[in-house]
2 protein chains.
Amino acid sequence: MAVFVATLCAILVLTMLSGAICRKTGLPEVVGQIVVGIVFGPTVLGLMQPSSSTELFSNIGIIVLMFLGGVGCDLGLLKRYSKAALIVACMGVVAPVLIMGGVSMVFGFDLMSSLFIGVVFSATSVSISVAVLKEAGRLDTKEGASILGAAVADDVIGVILLSIMSTLISTGSVSFQQLGLIALKQVAFFALTVVVVLWVAPWLMTFAALLKAPSGIAIMATIICLAMAWCSELVGLSYAVGAFFAGIAVSRSDYRKQVDRDIEPIGDCFFVPLFFVSIGLNTEAVHDMHLVWFIVVMTVLGVITKIVGCGLGARMAGFNGRSSIVIGTGMIPRGEMALITAQIGFSQHILSDDYYSTIIFTISLVTLIAPLFLKAALHGAPAKDEAAGDEGAKTEAPIEADSATADIIDAQTADTSAVGMAAPVA
Amino acid sequence: MAVFVATLCAILVLTMLSGAICRKTGLPEVVGQIVVGIVFGPTVLGLMQPSSSTELFSNIGIIVLMFLGGVGCDLGLLKRYSKAALIVACMGVVAPVLIMGGVSMVFGFDLMSSLFIGVVFSATSVSISVAVLKEAGRLDTKEGASILGAAVADDVIGVILLSIMSTLISTGSVSFQQLGLIALKQVAFFALTVVVVLWVAPWLMTFAALLKAPSGIAIMATIICLAMAWCSELVGLSYAVGAFFAGIAVSRSDYRKQVDRDIEPIGDCFFVPLFFVSIGLNTEAVHDMHLVWFIVVMTVLGVITKIVGCGLGARMAGFNGRSSIVIGTGMIPRGEMALITAQIGFSQHILSDDYYSTIIFTISLVTLIAPLFLKAALHGAPAKDEAAGDEGAKTEAPIEADSATADIIDAQTADTSAVGMAAPVA
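Residues numbered from 1 in each chain as written. Chains lettered and ligands numbered in written order. Predicted model: local features only at pLDDT ≥ 70, side-chain atom pairs only at ≥ 80, totals over all residues.

1. Quick look at the overall build of chain A
Note the cut-off: Numbering of helices and strands starts at the N terminus; helices are DSSP runs of H or I of at least 4 residues and strands are runs of E of at least 2. Exposure classes come from backbone-placed C-beta atoms, where a residue is buried if 20 or more other C-beta atoms lie within 10 Å of its own, exposed if 12 or fewer do, and partly exposed in between. Note that contacts rest on C-beta atoms placed from the backbone: two residues are in contact if these are within 7 Å.
The helix and strand inventory of chain A stands at 18 helices and zero strands. Counting only residues that meet the buried cut, chain A has 57% of its 426 residues in that class. If you take every contact in chain A between residues at least 6 apart in sequence, the share linking residues at least 24 apart comes to 80%.

In structure tokens:
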């Protein structure tokens with residue numbers, strides 16, 4: 001306990017300082033926090049160690065962060081861009097599986113292991129993008145809504161892929177019965193979500209207000225958040241999905257502002273910095289130099305496959321070039337789901353010890369780079385008001401007349417070259 | 001993790017309901033929360049189990065609660081009543097050690113074990129009283145300040161007594177060198193506290209405001225709170241003492257209101273309910289009927305020795321009868337320090353397995369009863385404004401002309417009878 005209190009205190013001091021440096025230099029604050037974890041963790045100085053307590057706080061950090069993401073997200077926008085989000089998510093899974101799986105075969109992995117590595121890198125962890133979008137005040141834009149929607153869809157696809165892969169590995173065939181069960185659970189979860197968002201949460205929030213308990217509104221919001229996070233974990237989804245929908249549910253009540261005001265310091269003071277620093281703390285240094293090429297190639301592909309895959313998906317859904325790139329970069333971060341998948345591959349002997357820690361390291365690296373790309377992409381994208389202005393009346397995903405032709409050509413060039421790399425091996 | 005998320009969620013739901021019931025029936029909410037822990041924990045239904053995670057959150061709950069106690073406490077009042085607090089604390093240690101130690105000898109314990117049981121019951125855990133005083137809006141009254149000051153002094157005395165007892169048990173004699181070291185550490189801690197309260201904390205809060213980071217003020221307050229809690233733990237005091245002074249330090253800055261506004265939901269939504277429910281969860285049922293008398297007697301004495309001991313101390317310091325009873329009842333709760341002391345006694349074979357769990361049960365029982373007494377006592381005591389009005393200009397602990405003579409006679413009668421009980425065996 002004393003060690004944890006000291007660690008928590010040190011993390012808050014260091015992230016406060018790193019935050020100040022990042023604001024001065026224009027870097028995303030999230031990057032500073034991850035770097036704090038890498039520098040003070042086992043990888044460099046070894047002054048802090050990940051523990052079950054930091055892990056617990058980090059997981060609650062994801063829940064709080066995604067909950068606030070949901071509170072800040074515009075449900076109207078999310079609905080309007082749900083079809084776009086689905087296309088983005090699908091393309092964002094197909095590209096890494098094909099390209100990174102293919103390149104893994106070039107590195108000498110067999111078909112199954114290669115496919116597995118592809119699946120590992122197909123899982124997006126959007127909590128990092130949520131932090132960057134919040135910092136930039138762009139959460140409730142069409143790009144923000146598309147990224148959040150796509151991340152949810154990505155999680156659903158990820159769970160299905162993971163269960164296909166793990167039954168394939170352990171039994172050599174796919175159990176359609178098991179897949180049906182998973183699908184059924186998820187349908188039940190989303191049906192429950194609709195009920196909670198439309199009726200249960202607004203009613204509960206009003207009930208909490210009537211109780212007039214101190215912090216009653218905040219406590220009820222926390223209850224809804226934890227309950228939904230728990231339910232999503234029950235059906236195999238990450239906590240993030242449940243917490244996100246809980247945030248949306250609460251945001252539809254009359255107490256949106258108050259919840260945001262009350263819950264934000266909870267995340268900022270205790271849980272969220274621990275989540276980002278934990279990513280750094282859990283990064284394992286790779287000492288074997290012959291793996292460096294693998295890391296470099298996979299990191300570059302980890303970034304490119306999402307920018308191109310999801311960006312292309314966004315283009316197909318009618319976004320213009322700039323918006324597509326924002327959406328693509330917003331889908332770069334990998335997190336819990338990728339780590340869990342890699343862990344399963346390791347425990348089922350698909351990945352050797354060496355390659356397991358290499359892949360963990362690559363996941364951290366991609367996640368560290370992601371906010372830099374997103375911030376740069378946001379810099380070029382139209383601001384919130386402009387976007388809201390030019391969208392106003394439309395109700396379907398738009399096919400926009402776009403002026404930023406250069407961007408699309410860039411994106412398409414990147415795309416063909418990436419596919420070109422993968423083609424001979426896929 | 002999933003179990004903890006579900007437990008946390010269930011605890012919030014149950015404490016919200018118990019809180020509503022307590023407000024309706026006029027019971028202190030803290031009692032409702034402890035009862036939730038007893039009913040749903042291993043003692044009755046067994047639906048929830050204490051775990052390392054609930055323990056961690058519970059400990060941070062104490063820190064947050066005492067920090068908010070410090071923020072809400074009036075430093076001027078605390079200073080003015082510091083001498084009174086010292087007398088209250090001393091009397092509150094002497095009474096349980098003599099009386100409960102004496103009665104333990106009647107129950108057949110040898111001198112050392114009896115003395116040890118007396119020491120166990122001499123340690124006050126004021127966090128429960130802080131919650132009750134906050135609920136009643138009486139934290140910044142002369143009684144509130146005296147209770148808080150006495151609790152700090154009690155903790156200091158407790159640490160010294162505990163170290164005397166444990167060296168006495170293990171070596172058979174008292175090491176004055178070790179005692180000197182402990183005293184030195186504590187002096188260093190209190191010197192540091194003065195520096196932090198007067199200069200460091202106000203400067204840090206202003207610095208945080210200049211950084212203009214989101215939640216910057218709340219994060220800096222948390223940093224000061226955790227750092228001071230950690231320091232107090234380093235010198236052997238409980239976290240509560242450091243957190244309390246951190247609260248006082250922060251309250252002297254210009255951001256007192258904002259800190260209170262930001263940190264309160266953190267405690268209410270995550271940590272504080274877990275602290276109170278944990279007390280219930282960690283209560284062990286006692287099945288051996290011949291121990292029932294021991295429990296009954298010790299519980300009654302646990303309550304009486306503090307009301308009379310501390311109440312008498314308060315009278316000696318010049319408080320009137322009503323105020324003395326409020327102060328005495330405010331010192332009833334036992335907590336961490338008592339549990340730790342009992343734990344040491346158990347591990348050093350001073351207490352048998354049977355009597356160890358019996359004493360743990362008695363500590364819980366006394367702590368459960370305490371808020372009921374305090375609320376009743378507060379009901380009879382003058383309200384905050386009145387008290388502030390009649391104190392106004394005085395700078396020393398007052399020798400008040402008191403009208404509530406009946407109360408004093410009551411208290412004195414209770415006192416003499418209690419001492420009478422103890423005299424033949426002490």
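There's plenty left to go through after this.
2. Looking at the relation of the copies chain B and chain A
To be explicit about the condition: Only residues with pLDDT of at least 70 in both copies count here: their C-alpha atoms drive the least-squares fit that superposes the copies.
Rotating chain B by 180° and moving it 0.0 Å along the rotation axis overlays it on chain A with an RMSD of 0.0 Å. The transformation relating the two chain copies, once decomposed into turn and shift, fits a two-fold axis. Identified as the residue of chain B closest to the rotation axis by C-alpha distance is Ile266 of chain B, at 2.6 Å. Looking at the interface residues of chain B, 100% of them are also at the interface in chain A, so both copies use one shared face.

3. Topic: the nonpolar core
A general tendency of soluble globular proteins is for nonpolar side chains to be buried together. In plain terms, the rule: One nonpolar core equals one set of buried Ala, Val, Leu, Ile, Met, Phe, Trp, Tyr and Cys residues connected by C-beta atoms within 7 Å.
Among the nonpolar cores identified, the biggest contains 298 residues, and Val88, Ile224 and Ala243 of chain A together with Val88, Ile224 and Ala243 of chain B are the most heavily contacted of them. Those residues within four positions of Ala243 of chain B in sequence are excluded, and the remaining contacts are Ile63, Met66, Phe67, Gly70, Cys225, Met228 and Ala229 of chain B.

4. Describing helix α6 (residues 111-120) of chain A
Burial analysis of α6 of chain A places eight of its ten residues in the buried class, which makes it a mostly covered element. By the burial criterion, the buried members of α6 of chain A are Ser113, Ser114, Leu115, Phe116, Ile117, Gly118, Val119 and Val120 of chain A.

5. Section: the packing of helix α13 (residues 292-316) of chain B against helix α16 (residues 353-380) of chain B
Packed helices, taken two at a time, are described by the angle between their axes plus the distance between the axes. All names here are of chain B. Note the cut-off: The angle between two axes is taken between their N-to-C directions and runs from 0 to 180 degrees, where each axis is a line fitted to C-alpha atoms and a helix contributes only its stretch in contact. When describing relative orientation, an angle under 35 degrees is termed roughly parallel and one over 145 degrees roughly antiparallel, while 65 to 115 degrees is termed roughly perpendicular and anything else oblique. For any pair of crossing helices, the crossing counts as left-handed if the nearer helix is rotated counterclockwise from the farther one by less than a right angle, and right-handed if it is rotated clockwise. Only Asp, Glu, Lys and Arg are considered charged in this grouping, and only Ala, Val, Leu, Ile, Met, Phe, Trp, Tyr, Cys and Pro are considered nonpolar; every other residue, Gly among them, is considered polar.
Look at α13 against α16: their axes get within 9 Å of each other, and the N-to-C directions meet at 45°. One finds that α13 runs oblique with respect to α16. As α13 runs across α16, the sense of the crossing is right-handed. Residues Phe294, Ile295, Met298, Thr299, Gly302 and Val303 of α13 lie in contact with α16, whose contacting residues are Thr358, Phe361, Thr362, Leu365, Val366, Ile369 and Phe373. Its residues placed into classes, the contact of α13 with α16 shows nine nonpolar, four polar and no charged.

6. Here we look at unusual backbone geometry
Residues and elements named next belong to chain A. Phi angles above zero are rare outside glycine, and Lys212 is one such case at about 55°. For Lys212, the location among the structural elements is in the loop between α9 (176-211) and α10 (216-234). Accessibility expressed as a C-beta count within 10 Å gives 9 for Lys212, which makes it exposed.

7. Comments concerning the interface of chain B and chain A
Counting from both sides, the interface comprises 35 residues of chain B and, opposite them, 35 residues of chain A. Elements supplying a minimum of two residues to the side of chain B that touches chain A: α1 (2-25), α3 (52-72), α10 (216-234) and α12 (256-281) of chain B. Class assignment of the residues belonging to the side of chain B that touches chain A gives a composition of 26 nonpolar, five polar and four charged.

8. Remarks on the environment of Cys9 of chain B
Relative to the assigned elements, Cys9 of chain B resides in helix α1. Taking C-alpha positions, Cys9 of chain B is 27 Å from Pro214 of chain B, a pair spaced 205 residues apart along the chain.

9. Things to note about the environment of Gly92 of chain B
Relative to the helices and strands, Gly92 of chain B resides in helix α5 (residues 82-106). Among residues more than four places away in sequence, those in contact with Gly92 of chain B are Thr124, Ala150, Asp154, Lys306, Gly309, Cys310, Gly313 and Met331 of chain B.

10. With respect to the confidence of the model for chain A
Low-pLDDT portions of the prediction should not be read for the details of their coordinates. Residues and elements named next belong to chain A. Test applied: How sure the predictor is of each residue is captured by pLDDT, a score from 0 to 100.
Mean pLDDT over chain A works out to 85, with 89% of the residues at or above the 70 mark. Element-level pLDDT for chain A is lowest in helix α18 (residues 405-422), with a mean of 37, against a maximum mean of 96 in α10. Counting interchain partners and residues more than four positions distant, the pLDDT-below-50 stretch residues 385-426 has 52 contacts. Quick note on the complex model: pTM equals 0.84, ipTM equals 0.83.

11. With respect to the packing of helix α2 (residues 29-40) of chain B against α12 of chain B
Residue and element names in this part refer to chain B. Remark: α2 packs on α12, axes separated minimally by 6 Å, with the N-to-C direction vectors making an angle of 50°. Looking at the two axes, α2 sits oblique to α12. Where α2 crosses over α12, the two elements pack in a sense that is right-handed. Taking contact as the criterion, the partners of Val30, Gln33, Ile34, Val35, Val36, Gly37 and Ile38 in α2 are, on α12, Pro273, Phe276, Val277, Ser278, Ile279, Gly280 and Leu281. Residues of the contact of α2 with α12, tallied by class, amount to ten nonpolar, four polar and no charged.

12. Side note on helix α8 (residues 142-171) of chain B
Residue and element names in this part refer to chain B. The condition that has to hold: To estimate the expected span of a helix, count its residues, drop one, and scale the result by 1.5 Å.
Relative to the 44 Å expected for 30 residues at 1.5 Å per residue, α8 spans 43 Å between its end C-alpha atoms, a close match to the ideal helical length. Counting buried positions along α8 gives 21 out of 30 residues, so the element sits mostly inside the fold. The positive-phi residue at the C-terminal boundary of α8 is Gly172, with phi of around 85°.

13. Digging into the environment of Ser146 of chain A
Residues and elements named next belong to chain A. Counting through the fold element by element, Ser146 comes out in helix α8 (residues 142-171). C-alpha of Ser146 to C-alpha of Ser163: the two residues are 17 residues apart in sequence and 26 Å apart in space. Not counting residues within four places of it along the chain, the set of residues in contact with Ser146 comprises Tyr81, Ala84, Ala85, Val88, Ala314 and Ile327.

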